Amino acid sequence: MLREILRRPEAWIGGGLLLILLLVAACAPLLAPGDPLAIVGRPLIRPFANADFPLGTDRLGRDLLAGLIHGARASAAVGLAAAAVAMLLGATVGSAAGFAGGWIDEAMMRVVEAFQIVPGFLLALAFVSALGPSLWTVVLAIALGAWTGPARLVRSRVLSLREADFVAAARVMGMRSGEIALRLVMPLALPPVLAISATIVAGAVLTEAALSFLGLGDPNAVTWGRMIAEGRNQLRSAAYLSMIPGAALALTVVAVYLLGEAVTEVLARKRRA
Amino acid sequence: AAGGRLVVAADSEPRQLNPAIVASNGVFFIASKIVEPLAEASFEAGGLRPLLATSWEGSEDGLAVTFRLREGVLWHDGKPFTSADVAFSALEVWKPLQNIGRSLFANLEDVETPDDQTAVFRFSKPTPLQLVANALPVVSAVLPKHVYEGTEIAANPANAALIGTGPFVWGEHKPGEYYLLRRNAAYWAPDQPKIDELVYRVLPDRAAAANSLEAGEIQLAAFSAVPLTDLERVSEVPGLEVVTKGYEALTYQLTVEINHRNAHLKHLKVRQAIAHAIDRKFVLDAIFLGYAAEATGPVPANDPTFYTPEVELYPHDVEKARALLDEAGYPAGADGTRFKLRLLPAPYFNETRQFGDYLRQALAAVGIDAVIVANDSAGHQKAVYTDHEFDLAVAPTVFRADPAISTTILVRSGVPAGTPFSNQGGYENPELDALIDEALITLDSGKRVDLYKRFQKLVTEDLPLINVADWSFTSVASDRLRGLASNPRWAVSNWADLEQEA
Amino acid sequence: MSLLEVEGLTKRYAHSDARGGAKALDGVSLSIAAGETLGLVGPSGCGKSTLARVLLRLTEPEAGAIRFEGRDWLALKGGGLRRARGAMQMVFQDPSTAFHPRATVSGALAEALRLHEIAPRRAWPEQIAVRLAQVGLDPDLAARPLAALSGGQRQRVAIARAIAPKPRLIVLDEAVSALDASVRGKVLELLARLQREMGLSYLFIGHDLAVVRAISHRIAVMEAGRIVETGPAEDIAKAPKGALLRRLIAASPRLRPWEDTP
Amino acid sequence: MRPLAGFLLRRLIGGVPALLIVAVGVFLLLDRAGGDAVDAWLVSIGGGDARMAAALRAEYGLDQSVFSRLTFMLGRLVQGDFGWSFALNRPIGPAIMERLPNTLQLMGAATGISFLIGSALGLIAGRRPGSWTDRLLSGGSLLLYSVPSFWLGLALSVIFAVRLRWFPVSGIETIASGKTGLDRAADVAWHLVLPVAALGMIYLALFLRVMRSGMVEAWGQDYALAARARGVPDRRVALNHAARNALVPLVTMLGLQAGAMLGGSVVIESVFGIPGFGRLAQEAVAGRDAPLLLAVVLVSALMVTLANILTDLAYGALDPRVGSGGRDAA
Amino acid sequence: MTAPLFLCRGLTATYPNAARPALKGVALEMAPGERLALIGESGSGKSTLARILAGLPPEGLRVEGEILRPGGEMRLGRDVGYVFQDPGGSLDPLLSIGGHFIETLRSHLPLSRREALARAAGLLAKVRIPDPEAALRSWPHRFSGGQRQRIAIALAMAPGPRLLVADEATSALDALVQAEIVALLRGLGEGEGLGLLFVTHDMGLAAGLADRIAVLHEGRLVEIGPARRVIEDPQDPHTRRLLAAHLDLDSPRLVGEAP
Ligand SMILES: Nc1ncnc2c1ncn2[C@@H]1O[C@H](COP(=O)(O)OP(=O)(O)OP(=O)(O)O)[C@@H](O)[C@H]1O
Ligand SMILES: Nc1ncnc2c1ncn2[C@@H]1O[C@H](COP(=O)(O)OP(=O)(O)OP(=O)(O)O)[C@@H](O)[C@H]1O
Ligand SMILES: [Mg+2]
Ligand SMILES: [Mg+2]
């Protein structure tokens, strides 16, 4: 399976880019030691003008490269954490609803529906504004708008898998419902969620950026969205301030999608075979 | 020249537009064109230009102020303006309702109207004429009695469709889009106003304001609506000019508020260390790009009356700051950190937020680990001014021509919790309190000024708060506009003399 | 005394897509003796699979009684039911969906051994080899994933799994329909052999009368949720009573059609 | 069309519990926030005093318990009354009705245009997967899909509004222009070009991708092979079968995306200064104006529900298996 | 004798990445109007051969050897009709039955929509779909499996092909329906000179339907001959195995007397 995925060029490009990103994120303290928010140079040094600050400095004289590197960390962390929370929540609710059926299912799906009909970004906006911006509220806010997809997907998978012959076979064999759920159904209900996880991660990264753009990012952390937002007022005079993190953001999202696409494609092919 | 339409950027839509009820720059920016005060600030000696009042005079005992009112002034609905309107506004609006007037006119007992052109304000305690005069541009917007009398004033429909005596008449408001004001043909000053239509385009986004100016969609952006970083570029755009004058009486102060309940911040040495940790020059250059001045104390240097440079100064000195902290009993730990603080930058301005970012770094340099807590306006108001859930806060306080109006309250003890822009850091200094109280009833201007000079010295010595910079705003305008920045409160004045060349 | 005694089973699906709430089972009664195969034939949708599912307690009937091994089978619940299940097993039509998609041969069989505590864990490999041999499979296949087996091989594994808990009755729902003719023959032979060796009873469900006849002692004909005809397999083809059976007989292809010219 | 009306009614009533959950959730959320409407108001007027604040709290009923405020508000909502906005100092209903059209125009135009172009391009790309055109379109769409819309909006605005001056920088129409009828519509359309482009581009990319993969999927289905076996030319198979079947997931996607689109328009409204729902929501949150926020969220939710119902109807029209019952010719 | 419909020699076909060819050196010909059954175990290459002969080779399949069509070009759809195994999958669920016919007919014949529908109604009547007019306005999901297969057959027959290829066209259906479809196929060709290539693994079906039977084993054509001869006197062991495995109502039963 992994080999099949790796055979695809999308996987190579996307995976490669992501690997670099994650390496950079993991090694951020080594690559750019110290606080990335520290004021280290003259404000607004242009990129490639000063060897100490290859990508230049921002309005307060903070190193853009350091920001970019540490921003990778925060963006990756927020993206992954939000996606993880969303998927965990979605998978839990979805499978609980799917297995329980009856009024529990009905009630849970009402909640899912409630979250689905509220524009996720509006919800995130209200959530972060109300509880104050910190990485955790941002993560939760994003997850809150993203968990319904996985929930519905898992539920429908559980519902159809529940009727599968092999589940009937296991029941006939005398297997307990709990074991059927955990050992037989869940391992098959979850992979499609993993497949859409790429979309969720990418969406989370973009949502974080948009929240930061509206001034709702964690003020103590550098994220790319914050860098874009701060550079926004200098868009005309120092476009690089938002161009560079913007490009990094877009590239990351492209990479996530490419990898996700490769995985989805291989999974779909598997299913067809 | 032809009047034409002038389109101006507005960054917000005040929900209460009546300047007699809400004395704030956001309201004045629009409402001052329609509803006029008794007097306006001026660059001339004395600092005041008569508007609805032509003269004012205080009694010896400080218990009365007599205003002579302008003749031949008509309300926008055609009724004549009289002293009854002034008396009504003062007693029914400014004193009970207005955010600033409530304290200023607390001792106002009565307003006598011996004739249509005379209004005598009677106070129960001596009230310095200097203070009253300095406050006039801010607190004295006059409302038409015949419209408001007998109604619930705060809910009167005329608060939305203002009726005043000013050079412009209320047109319409399309929420989220614009306000439209029209020329008042019956304005009392001859040949004024010179603009036919004044449109406030609602543009909450600062980048959009700059772009709209450049695209020629608007002709004026006041109150630094154009980001400072864009000013240099915009100043080179043909047809646009950057104006830095016209805000002299609207000085904003970048202030670090201190919660004196915090055990560390109780130490004067710690406060001094913080003051020394701040590189004011950097703040001016990087954050204000030069459009500000170093602050020395609670009164800005551009105030012609009260300012004194003879105060305790805190030059940028990291070593000294560290030494002070050591002395105060806070040696640096293994990781270089001495203690932690919560830092709450006010969210109202880019500059306060950026300064928050800077302050965090400046404090880190001396071993104080400040964690920024970001709140929106309401959250900030509650956290700082009601719940006192802060250690340091960054505030854009305003100096309104007289320390008694909105400055002394920042350090006076005994202000009830929940009062915004007041001393909520729990600072108590009986000496300072006594001084403040004395100045409030000192009638002699010279003595009053001396008291406030001493006030500045005391504040800088004991540091109940730290003044970092005084900044005023900039305007970017089409170079076809004449009469820009004609007074020190220009953006919030009535613009009767503003002219647009064809 | 019969092994299985079914009396008046009725089952209605809530929103049947085909016959809008019609009864999938409409008072079905039948019995199967120990060591006997009952064949069940009928057109598509007549309720054969529903009957199988009800017998195996995969779905609950609205009415009717089932006695199995002398007990009230429908009264069993929870743990009791789970323990009793070993006695009645099932083989499904499609051998590719009857196993977990990631199961291996040994894994699938080990499951059966574990659930019914047939042998201690260390004896499993040996047990598995024995079972595979029993259904005519090379024990070397044990390590393979089921996906890597042919349809016939998979169906043999399914049978091995079904006989692991030593059942008394196996319900075979179209168990050979998906296999091609030559494989089908071998699987049928296997079933017949296992019946002889283990004294099993079968409920053999199919739509191909020739196949059902070959493996069954008795045949029941089902139509629209009812058993319309029952009789010994040997002569059911010779003396059909109902119209449905007659049509089934006519529909059954002959290898030498030229021999029965009218 | 009695069954249709019944269907709509059932769907709308079915949405009531969800709306209730939303209402209570949002209310409690805003209640948890630091500061209340009076705090927000005090800040906005640049000062005041504690006594005034207390009086205002009493006037707004903010001194009452959460529960009583909530029940009061819900009770009013049931009567179809959104109530009074603290932040705007005016009734909420008209305020909503002022902003809603702007957002709907923005969203509608963005959806419509991106749907048309996206599905057309997806059809082209999906007809020959792996071809040069496909690669170009897929790659391009991926890139577009990955660019934050607010960033795209900024860039478009700088290039086309400020530099080239082809389009206005911001706003929904020329202010106080006095235009009416077609003139006004043209004016609004002209103002919407850039925001719609910024908002729609992402969805164009999305629709392109969904359409393309739908085409590829449909292409591999038996009915496509069967159509080719009947000698139907490839071009017809692509249009008649693959495209038609690919539209089904696309339409489903459209419904699912309605909420995301409304959310996305918040940022775009902010970039282009469009007085729409997004800005109203921001104002409501900033003003701690629970009734207003609730109204915005509920109306958005209603819009999304309506969009979902519409897509369900479209889905039913597209796919005869849905809604028309069992096989009656069997 | 008229020229054969097709004639192939040395036909070898290999799937990409396959270890061994799916077809090896197959030689086969069919006369117009002939009914040929292609029989063999699962995986023996029946479908592969059928699709090559129909002119619809699976994607990526490498075909060697020669195929001649002396009786004239055999255009897919026009001259060769193809019926698939799965009666559900081969109809587009979103297209009405009439739509299917219009699309197919107008791809080959200069007909208006109205003419196409008229002709379609006739074809549906021929495959005994009740109320053809209504059926044309309906959708595939409203028909049972057997009916869908009839419709698929009518569709394949619509342009008037000379050869109909049916790949296990009945194996997904129950016995009763299967018999009906077989009867239908048998009746269709009668007197119209329609060739039928019938793929099955059921000897009984082959015997009842075909003039000749061809037996495939692991990609090789191991035996071909008149149906009766192949059944009565099989030459190849694989054929004998297939015959032995066949069950019909006369076959010996596998179980003894009831216990
Ligand atoms: N889960 C279900 N929900 C609703 N209706 C069902 C369900 N399962 C079966 N049915 C209906 O019940 C009837 C009997 O179905 P069943 O599957 O028992 O028939 P069958 O004889 O096994 O048919 P086949 O030979 O096609 O397998 C049919 O009309 C079918 O459509
Ligand atoms: N798409 C494919 N790729 C690779 N190998 C294939 C493919 N399709 C078929 N094969 C192989 O080619 C051989 C012949 O397959 P074919 O489908 O022609 O057999 P068949 O006789 O029709 O079998 P069945 O009765 O199961 O339909 C088999 O070994 C099969 O595994
Ligand atoms: Mg069945
Ligand atoms: Mg085949």
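Computed from a prediction, not measured in an experiment: that's the story for all the values here.

The rules we used
- Residues numbered from 1 in each chain as written.
- Chains lettered and ligands numbered in written order.
- Predicted model: local features only at pLDDT ≥ 70, side-chain atom pairs only at ≥ 80, totals over all residues.
- Heavy atoms only, no water.
- Buried < 20%, exposed > 50% of the residue type's maximum accessible area, 1.4 Å probe, protein only.
- Helix = DSSP H or I, 4+ residues; strand = E, 2+ residues; numbered from the N terminus.
- Pairing = 2+ DSSP bridges.
- Contact = heavy atoms within 4.5 Å.
- Buried area = accessible area lost by both parts, 1.4 Å probe.
- Salt bridge = Lys/Arg side-chain N within 4 Å of Asp/Glu carboxyl O.
- Nonpolar A, V, L, I, M, F, W, Y, C, P; charged D, E, K, R; others polar.
- Expected span 1.5 Å × (residues − 1).
- Bend = angle between axes of the 7 residues up to and from the residue.
- Axes fitted to C-alpha atoms, helices over the stretch in contact; angles between N-to-C directions.
- Parallel < 35°, antiparallel > 145°, perpendicular 65-115°, else oblique.
- Left-handed = near helix turned anticlockwise from the far one by under 90°.
- Domains from an automatic or database assignment.
- Polar contact = N/O pair within 3.5 Å; in protein donor to acceptor, adjacent residues only side chain to side chain.
- pLDDT = per-residue confidence, 0-100.
- Near = heavy atom within 4 Å.
- Areas by Shrake-Rupley, 256 points an atom, 1.4 Å probe, with all protein chains shown as cover.
- Phe/Tyr/Trp six-rings, centres within 6.5 Å; stacked < 30°, edge-to-face > 60°.
- Lys NZ or Arg CZ within 6 Å of the ring centre and 35° of its normal.

A. Fine view of the pairing of strand E6 (residues 88-91) of chain C. All names here are of chain C. Neither face of E6 is exposed, since Met88 and Met90 on one face and Gln89 and Val91 on the opposite face are all buried. Bridging between E6 and strand E7 (residues 169-173) involves four bridges; their strand directions are parallel. When the bridges of E7 are listed, Met88 appears paired with Leu169.

B. Seen up close, the interface of chain D and chain B. The interface of chain D with chain B comprises 48 residues on the first partner and 45 residues on the second. Together chain D and chain B conceal approximately 3,600 Å² of surface at their shared face, both sides included; 53% is due to carbon and sulfur atoms. Three residues, D:Val43, D:Ile175 and D:Ala176, lead the burial of chain D against chain B; their summed loss comes to 18% of the area buried on that side. Scanning the region where chain D abuts chain B turns up two salt bridges. Note that D:Arg288 is salt-bridged to B:Asp376, the shortest N-O span being 2.6 Å. Secondary structure elements with two or more residues in the side of chain D that touches chain B: helix H3 (37-44), helix H4 (50-60), helix H6 (92-127), helix H8 (149-163), helix H11 (234-272) and helix H12 (277-286) of chain D. Looking at the side of chain D that touches chain B residue by residue, the class counts come to 23 nonpolar, 12 polar and 13 charged.

C. Region of the structure containing H11(D). All names here are of chain D. Taking 1.5 Å as the rise per residue, H11 with 39 residues should run 57 Å; its terminal C-alpha atoms sit only 45 Å apart, a clear shortfall. Its axis deflected by about 45° at Gln257, H11 carries its strongest bend there. Counting buried residues along H11, 28 of its 39 residues qualify, which places the element largely inside the surrounding structure. With its phi angle positive at about 55°, Gly273 sits one or two positions after the end of H11.

D. Molecular detail of the packing of helix H14 (residues 430-441) of chain B against helix H15 (residues 445-462) of chain B. Residues and elements named next belong to chain B. The geometry of H14 relative to H15 is characterised by a closest axis approach of 10 Å and an angle of 160° between their N-to-C directions. Classified by the angle between their axes, H14 and H15 sit roughly antiparallel to one another. For the crossing formed where H14 meets H15, the hand is left-handed. Where H14 approaches H15, its residues Glu431, Leu432, Leu435, Ile436, Glu438 and Ala439 are matched on the opposing element by Arg448, Leu451, Tyr452, Arg454, Phe455, Leu458 and Val459. Residues of the contact of H14 with H15, tallied by class, amount to nine nonpolar, no polar and four charged.

E. Representation of the arrangement of the chains within the structure. Interchain contacts are distributed over seven pairs of chains, and the most extensive set of them lies between chains B and D. With no contact between them, chain A and chain E keep their nearest C-alpha atoms 14 Å apart.

F. A look at the sheet that holds strand E11 (residues 220-221) of chain B. All names here are of chain B. One open sheet holds the seven strands; their spatial order is E8-E9-E10-E1-E11-E19-E12, and the pairing between them is mixed. Strands with a single pairing partner mark the edges of an open sheet, and in this sheet they are strand E8 (168-174) and strand E12 (240-243). Here E12 pairs with strand E19 (residues 475-478) via four bridges, running antiparallel. Bridge assignment links Glu241 to a residue of E19, and that residue is Ala477. Against the sheet, helix H7 (residues 228-235) contacts E12 and E19, and its axis sits at roughly 135° relative to E12.

G. Structural view of unusual backbone geometry. With an omega dihedral of -5°, the bond running from B:Gln192 to B:Pro193 counts as a cis peptide bond. Note that B:Pro193 resides in the loop between strand E9 (178-183) and strand E10 (197-202). The phi torsion at B:Leu463 lies on the positive side, around 50°, for a residue other than glycine. Accessibility expressed as a relative area gives 3% for B:Leu463, which makes it buried. The residue E:Glu218 is not glycine, and still its phi comes out positive at about 45°. Within the secondary structure, E:Glu218 sits in the loop between strand E8 (212-217) and strand E9 (220-226).

H. Geometry of the domain arrangement of chain E. All names here are of chain E. Segmentation of chain E into domains returns domain 1 (1-74 + 162-259) and domain 2 (91-159). Its C-alpha centre places domain 1 at a distance of 27 Å from the equivalent point of domain 2. Between domain 1 and domain 2, the residue contacts involve 11 residues of the former and nine residues of the latter. Of the roughly 930 Å² buried between domain 1 and domain 2 on both sides combined, carbon and sulfur atoms contribute 74%. Across the contact surface, domain 1 and domain 2 share one salt bridge. The salt bridge involving Glu180 is made with Arg150; its shortest N-O contact spans 2.8 Å.

I. Examining the pattern of salt bridges more closely. Under the defined criterion, the tally for this structure stands at 67 salt bridges over all chains. Here B:Lys145 and B:Glu149 are joined by a salt bridge, their closest N and O atoms 3.6 Å apart. When its relative accessible area of 24% is taken as the criterion, B:Lys145 is described as partly exposed. When salt bridges with common partners are traced through the structure, they connect A:Asp58, A:Arg62, A:Arg226, A:Glu230 and B:Asp357 into a single cluster.

J. Layout of the interface of chain C and chain E. Counting residues at the interface gives 41 residues for chain C and 34 residues for chain E. In this assembly, chain C and chain E are joined by two salt bridges. Between E:Glu232 and C:Arg256 there is a salt bridge, with the nearest N and O atoms lying 3.4 Å from each other. At the boundary of chain C and chain E, one finds 11 residue pairs in polar contact (both at pLDDT 80 or more).

K. Structural detail: the confidence of the model for chain D. Scored by pLDDT, chain D comes out at a mean of 85, with 97% of its residues at no less than 70. Counting interchain partners and residues more than four positions distant, the pLDDT-below-50 stretch residues 324-330 of chain D has 16 contacts.

L. Molecular detail of helix H12 (residues 224-232) of chain A. A large share of H12(A) lies buried, amounting to eight of its nine residues. Three or more residues of H12(A) are buried, namely A:Trp224, A:Gly225, A:Arg226, A:Met227, A:Ile228, A:Ala229, A:Gly231 and A:Arg232.

M. Broad picture of the packing of helix H5 (residues 66-78) of chain D against helix H13 (residues 290-318) of chain D. All names here are of chain D. One way to put it is that H5 packs onto H13 with a least axis distance of 12 Å and a crossing angle of 45°. Classed by the angle they form, the pair H5 and H13 counts as oblique. Our pair here, H5 against H13, has a crossing hand that is right-handed. Listed contacts from H13 to Met73, Arg76 and Leu77 of H5 are Ala290, Pro291, Leu294 and Leu298.

N. Geometry of the sheet that holds strand E7 (residues 118-123) of chain B. Residues and elements named next belong to chain B. Pairing in this open sheet of four strands is antiparallel, and the strands run E4-E5-E7-E6 from one edge to the other. In the strand order of this sheet, the two ends are held by strand E4 (53-58) and strand E6 (108-115), each with one partner. When strand polarity is set aside, the average angle formed by the axes of neighbouring strands in this sheet is 20°. Here five bridges tie E4 to strand E5 (residues 64-69), and the two strands are oriented antiparallel to one another. Residue pairing for E5: Gly58 is matched across the bridge by Val65. Strand contacts of helix H2 (residues 83-94): E5, E6 and E7, with the helix running at about 170° to E6, the strand carrying the most contacts.

O. The arrangement of the site of ligand 2 in detail. Residues and elements named next belong to chain E. Taken together, Tyr15, Ala22, Glu41, Ser42, Gly43, Ser44, Gly45, Lys46, Ser47, Thr48 and Glu168 make up all the residues around ligand 2. Gly45 is positioned such that a nitrogen or oxygen atom in its backbone is 3.0 Å from an oxygen atom of ligand 2. Lys46 is positioned such that a nitrogen or oxygen atom in its side chain is 2.8 Å from an oxygen atom of ligand 2. Within the complex, 59% of the 630 Å² of free accessible area of ligand 2 lies under protein. Looking at the shell around ligand 2 residue by residue, the class counts come to two nonpolar, six polar and three charged.

P. Focus on the packing of aromatic side chains. Residue and element names in this part refer to chain B. Scanning the model with the defined rule gives 38 aromatic pairs over all chains in all. Between Tyr252 and Phe349, the aromatic rings sit 5.4 Å apart at their centres with planes inclined by 75°, giving edge-to-face as the arrangement. Of this pair, Tyr252 sits in strand E13 (residues 252-258) while Phe349 sits in the loop between strand E15 (339-345) and helix H11 (350-365), and the two are 97 residues apart along the sequence. For the pair formed by Tyr252 and Phe349, the shared burial category is buried. Relative to Tyr358, the ring of Phe282 lies with its centre 5.2 Å away and its plane at 25°, an arrangement referred to as stacked. Taken together, the positions of Phe282 in helix H9 (residues 280-287) and Tyr358 in helix H11 put the pair 76 residues apart, joining distant regions of the chain. Comparing Phe282 with Tyr358, the two get one shared label, buried. Every member of this aromatic cluster is reached through a ring pair, and the members are Phe29, Tyr200, Phe223, Tyr247, Tyr252, Phe288, Phe349, Trp471, Phe473, Trp490 and Trp495. Over the ring of Trp495 we find Lys33, and its NZ or CZ is 3.9 Å from the ring centre. Across from the ring centre of Trp188, 3.9 Å away, lies the NZ or CZ of Arg70, which sits over that ring.

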